[in-house]
Amino acid sequence: MNRIRLYLHRLLRRPAITGPIRLYTRRVPDGIFLSLEEYFEHVITTLADDAGAFALFNELVDDRAECRVHDGWEPERLLMERLAECIGYEVPVRGKSLARLADKLRAAAPVVSLPAQRRSGGAAA
């Protein structure tokens, strides 16, 4: 049943953000799922089309495949930073799209009511 709901959602969904990269949201009881599917496709196609990015990715894979004792030095962090610079790691959200996304996120936020604070100067117990 859950799978059918997910398929229907995927077929009938409307993007919260339409451009330059579409973002989709899906409400769940305790929050929201933010779909970065189109950004993921961007990452994969950049790796496939950009020889420099692919070489960095392969270097990262080779580095992580080596079995060694962790000594605190993480050369893969540098490779990840270089790869992030090459591919990009931010999804731009501007103008009306930003307002729509903010409305969707606000609507999904749980409502929490806080008890009124006691007034100072009231009767001491």
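About the cut-offs
- Residues numbered from 1 in each chain as written.
- Predicted model: local features only at pLDDT ≥ 70, side-chain atom pairs only at ≥ 80, totals over all residues.
- Heavy atoms only, no water.
- Pairing = 2+ DSSP bridges.
- Helix = DSSP H or I, 4+ residues; strand = E, 2+ residues; numbered from the N terminus.
- Axes fitted to C-alpha atoms, helices over the stretch in contact; angles between N-to-C directions.
- Parallel < 35°, antiparallel > 145°, perpendicular 65-115°, else oblique.
- Contact = heavy atoms within 4.5 Å.
- Nonpolar A, V, L, I, M, F, W, Y, C, P; charged D, E, K, R; others polar.

Colleague: I'd love a proper account of the pairing of strand S1 (residues 24–28), names of residues and values included.
Modeller: Bridge analysis of S1 against strand S2 (residues 31–35) gives 5 bridges, and the strand direction is antiparallel. Residue pairing across strands places tyrosine 24 opposite serine 35, the latter belonging to S2. Between the antiparallel neighbours S1 and S2 lie 2 residues.

Colleague: Requested: an account of the packing of helix H2 (residues 37–49) against helix H3 (residues 51–65), with residues and values cited.
Modeller: One can describe the packing of H2 onto H3 by two numbers: an axis separation of 5 Å at closest approach and a directional angle of 100°. Classified by the interaxial angle, the pair formed by H2 and H3 is roughly perpendicular. Only Ala51, Ala53, Phe54 and Phe57 of H3 make contact with H2, whose side of the interface consists of Thr46, Leu47 and Asp49. Here the contact of H2 with H3 is built from residues that sort into 5 nonpolar, 1 polar and 1 charged.

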